[in-house]
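Below, each chain spelled out in residue letters.
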Amino acid sequence: MQEQIKNINSLEELQSLYAATFGKNGTMTAKLKNMKNLDNDARAELNRENSELRELFKVRQAELETAAMMAGLQKQKLDVSLNREPENNGSLHPLTHTLADVSEILESFGYEMWTGPEIEDDWHNFTALNTPEYHPARDMQDTFFLENGNVMRTQTSAIQIRSMEKTGAPIKMFGIGATYRKEMDATHSPMFHQIEGLYIDKDVTMSDLIADVREFLKKFFEIDDVELRIRPSYFPFTEPSIEIDLKWQGKKWLEIMGAGMVHPNVLRNCGINPDEYQGFAFGFGWDRLAMLKYGLNDIRKFYDGDVRWLKSAGF
Ligand code: PHE
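None of the values given here were measured: they were computed from a predicted structure.

### Quick notes on the overall build of the protein chain
Looking only at helices and strands, the protein chain features 11 helices and 9 strands. Here the C-alpha radius of gyration of the protein chain, 41 Å, is well above what a compact globule of 315 residues would show, namely 20 Å. Taken over the C-alpha atoms alone, the protein chain extends approximately 130 × 45 × 35 Å along its principal axes. The proportion of buried residues among the 315 residues of the protein chain is 41%. Nonlocal contacts in the protein chain, meaning residues at least 24 apart in sequence, comprise 64% of its contacts between residues at least 6 apart. Looking at the protein chain as shown, the accessible area adds up to about 17,900 Å², and 51% of this sits on carbon and sulfur atoms. Of the charged side chains in the protein chain, 36 are positive and 49 negative; the average position of the first set lies 9 Å away from that of the second.

### With respect to the UniProt feature "binding site: Mg(2+)" (unreviewed entry) in the protein chain
Those residues carrying the UniProt feature "binding site: Mg(2+)" (unreviewed entry) are Glu239 in this numbering. You can see Glu239 is positioned in strand S7 (residues 238-248). Accessibility expressed as a relative area gives 47% for Glu239, which makes it partly exposed.

### Some thoughts on the environment of His193
Topologically, His193 is positioned in strand S5 (residues 191-201). For His193, a relative accessible area of 12% corresponds to the buried category. Once the C-alpha coordinates of His193 and Asn83 are considered, the two residues, 110 residues apart in sequence, prove to be 40 Å apart. Within polar-contact distance, the side chain of His193 engages the side chain of Tyr303 at 3.3 Å.

### Structural notes on the pairing of strand S9 (residues 278-285)
Regular strands have side chains that alternate between both faces of the sheet. The element S9 is extensively covered by neighbouring structure, given that 6 of its 8 residues are classed as buried. Relative to S9, S5 runs antiparallel, the two being bridged by 8 bridges. Along S9, the bridge assignment pairs Leu198 with Ala281. For strand S8 (residues 252-262) and S9, the ladder comprises 4 bridges, and the chain directions are antiparallel. The residue bridging Gly260 from the neighbouring strand is Ala281, located in S9.

### Concerning the packing of aromatic side chains
Within this structure, the stated rule accounts for 15 aromatic pairs. Between Phe235 and Phe237, the ring centres sit 5.8 Å apart and the planes meet at 25°, which makes this aromatic pair stacked. Since its relative accessible area comes to 18%, Phe235 is described here as buried. Given the relative accessible area of 11%, Phe237 is considered buried. The ring centre of Phe22 lies 4.1 Å from the NZ or CZ of Arg54, which sits over that ring. Note that Lys172 overlies the ring of Tyr199, its terminal NZ or CZ placed 4.4 Å from the centroid.

### Regarding helix H2 (residues 11-22)
For an α-helix, 3.6 residues make a turn, and residues three or four places apart therefore share a direction. With 12 residues, H2 extends 16 Å from end C-alpha to end C-alpha; this agrees with the ideal 16 Å at 1.5 Å per step. Taken residue by residue, H2 has Leu14, Leu17, Thr21 and Phe22 as its buried positions. Taken end-on, H2 shows its buried residues confined to a sector of 110°, consistent with a single buried face. Exposed residues pointing more than 90 degrees away from the buried face of H2 are listed as Glu12 and Gln15. If you follow the buried residues of H2, they end up packed against helix H1 (2-7), helix H3 (27-33) and helix H4 (40-75).

### What about a nonpolar patch on the surface?
Among the surface-exposed residues, Met69, Met70 and Leu73 lie close enough to one another that they form a single nonpolar patch of about 310 Å² accessible area. Inspection of the secondary structure assignment puts Met69 in helix H4.

### Here we look at the pattern of salt bridges
One pass over the structure, following the stated rule, counts 16 salt bridges. Taking the shortest distance from any N to any O, the salt bridge between Asp121 and Arg162 comes out at 3.9 Å. Taken together, the residues span a long stretch of sequence, with Asp121 in the loop between strand S2 (119-120) and helix H6 (122-125) and Arg162 in helix H7 (residues 157-167) at a distance of 41 residues. Since its relative accessible area comes to 27%, Asp121 is described here as partly exposed. In this structure, Glu243 engages Arg231 in a salt bridge whose closest nitrogen and oxygen atoms are separated by 3.9 Å. Residue Glu243 is located in strand S7, and its partner Arg231 is located in strand S6 (residues 228-235); the two are separated by 12 residues in the primary sequence. Given the relative accessible area of 13%, Glu243 is considered buried. By relative accessible area, Arg231 is classed as partly exposed at 28%.

Here is what the cut-offs are and how they apply
- Residues numbered from 1 in each chain as written.
- Predicted model: local features only at pLDDT ≥ 70, side-chain atom pairs only at ≥ 80, totals over all residues.
- Heavy atoms only, no water.
- Helix = DSSP H or I, 4+ residues; strand = E, 2+ residues; numbered from the N terminus.
- Rg over C-alpha atoms; globule rule 2.2 N^0.38 Å.
- Buried < 20%, exposed > 50% of the residue type's maximum accessible area, 1.4 Å probe, protein only.
- Contact = heavy atoms within 4.5 Å.
- Areas by Shrake-Rupley, 256 points an atom, 1.4 Å probe, with all protein chains shown as cover.
- Lys, Arg positive; Asp, Glu negative; His and termini not counted.
- Charge placed at Lys NZ, Arg CZ, Asp CG, Glu CD.
- UniProt positions renumbered as here; feature names shortened; annotations may be inferred.
- Polar contact = N/O pair within 3.5 Å; in protein donor to acceptor, adjacent residues only side chain to side chain.
- Pairing = 2+ DSSP bridges.
- Phe/Tyr/Trp six-rings, centres within 6.5 Å; stacked < 30°, edge-to-face > 60°.
- Lys NZ or Arg CZ within 6 Å of the ring centre and 35° of its normal.
- Expected span 1.5 Å × (residues − 1).
- Arc of directions from axis to C-beta.
- Patch = residues over 30% accessible without salt bridge, like charges linked within 9 Å, V, L, I, M, F, W, Y side chains within 5 Å.
- Salt bridge = Lys/Arg side-chain N within 4 Å of Asp/Glu carboxyl O.

Spelled out as structure tokens, the structure:
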């Protein structure tokens, strides 16, 4: 019996042997019932046997329970030392990389970063920018109009209005954010991003503008010198207005940004006296800058959220 208990390998078997021994009709129960017919030595022997068996059952039960628990733990085992490369590791978006570079450069020139609402009122997106209602230049941008008369911001120029209204002159800021226009192809997305610089003080001139743009482009594209072409252009909020082209890799001219001296009406609209202050503004496509820097050719991919594209683009 003792050997039998020690060799049992399952709790169920142990329990049934226990019942067969100590249960109502158990072998030991029967022996104990017969105790009164035994002599003293035999009684002592039976008592000893009784407690030995009970102890053996208890020990074996504890052993089997521990073994069951260990087997369960073994099944759940997690090898935390196993080194598995994640298949789809996310990374920073090209626009995020670009903004980090752009803001580092512009902040080192003393420009302070601003943002503004993407749903704009007519005043900040158009009227204050010297583009009153029925002004033909409103057609330059295919605007998304909202039912309440607001618009989806078509240009970050709205942020320069907000910044001038808030802090007045002098001011040196850049605004960043999403902008919206009804257009869509490989180089145009209905939602895209702009970055816009503004510098207003007592004696800021066009040559300051060109110097800052030149230094900015040199630092951003990490090139020793940049060849620029300045073309006359038109924006209602700058006078004179220019467009700046960059000679790309010694070959073709790329239109890189619009700029100009802030129109006196714009300063006036923001409570700044144009006889005292003057300055420049420049604006460019944030996405376009990222596309050039990283050699990407489809702006729409920026907004697909596709990790495979990010990977193939080298991010
Ligand atoms: N807001 C102009 C555009 O979206 C760009 C611009 C900004 C031009 C600032 C001049 C000065 O086309």
